[in-house]
Amino acid sequence: MASAKKQNSPAAARRAKLEEARRKERARERRSRIITITASIAVVAGLVAGGGYLMSAADQQDRAEEQAKSSPVRGERSWDELTQNHVQKKVDYPMNPPVGGDHNPVWMNCDADVYTAPVPNENAVHSLEHGAVWVTYNEKAKPSDIEKFAERVGRTPYSLMSPVKDQDAPLVLSAWGKQVTVKSATDARVAQFFTKYVQGPQAPEPGAACTGGIAR
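Thresholds, definitions, all that
Residues numbered from 1 in each chain as written. Predicted model: local features only at pLDDT ≥ 70, side-chain atom pairs only at ≥ 80, totals over all residues. Heavy atoms only, no water. Helix = DSSP H or I, 4+ residues; strand = E, 2+ residues; numbered from the N terminus. Buried < 20%, exposed > 50% of the residue type's maximum accessible area, 1.4 Å probe, protein only. Contact = heavy atoms within 4.5 Å. Axes fitted to C-alpha atoms, helices over the stretch in contact; angles between N-to-C directions. Parallel < 35°, antiparallel > 145°, perpendicular 65-115°, else oblique. Left-handed = near helix turned anticlockwise from the far one by under 90°. Nonpolar A, V, L, I, M, F, W, Y, C, P; charged D, E, K, R; others polar.

A. Broad picture of the side chain of N109. On the secondary structure map, N109 appears in the loop between β1 (77-78) and β2 (111-114). For N109, a relative accessible area of 11% translates into the label buried. Apart from residues no more than four positions distant in its own chain, N109 is found in contact with Y115, L160, C210, T211, G212, G213, I214 and A215.

Shown next as structure tokens:
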């Protein structure tokens, strides 16, 4: 009888309540650990999968760039054995816009420079010698294409853009010894031309300055 009273005493009840609380706390902690471990595994798996995706995307981009550089640009015209003399006079170039030849000693700034007025051919050719791509357009070019090209040039070092009113085609891309006409700014050849010829092997002086020259 005394033993039964002891088991039913307030102290025993408190101990039982405390033990029950501890049991529930241990169960809660166990559930929390399971959730944490599961979440960690999911995060790691996601990082691994995401990392694999990013690496795959980077590899695909590298392959696309290499293909763009090694493949010919459809419809491109080329000129070889272009002279590189520095002259102070106007030059009568055999192509318009010019893609090389004698030129002014001072280059046109081509550090993502967009000009809204014509620039001197002789200075622009010097920029091409340094590895720049020159985007030109006439009054027949669509405003939307001009805007898109301005955005591309504006984020591309070693490129410049300006109007050439008397060129035959509305949109022309030029590099040293290379030129192609395109129908729009979304033409696939635009990206290829930039990838292949911005600081490309065609340039006689790649890496030479594109700042510190003439700006308009």
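From this point, the narrative continues.
B. Highlighting the packing of helix α4 (residues 143-154) against helix α5 (residues 188-197). Contact geometry of α4 with α5 gives a least axis separation of 13 Å together with a crossing angle of 20°. Put simply, α4 runs roughly parallel to α5. Crossing of α4 against α5: the hand is right-handed. When α4 is examined against α5, the residues F149, R152 and V153 are found in contact with a partner set consisting of V190, A191 and F194. Class assignment of the residues belonging to the contact of α4 with α5 gives a composition of five nonpolar, no polar and one charged.

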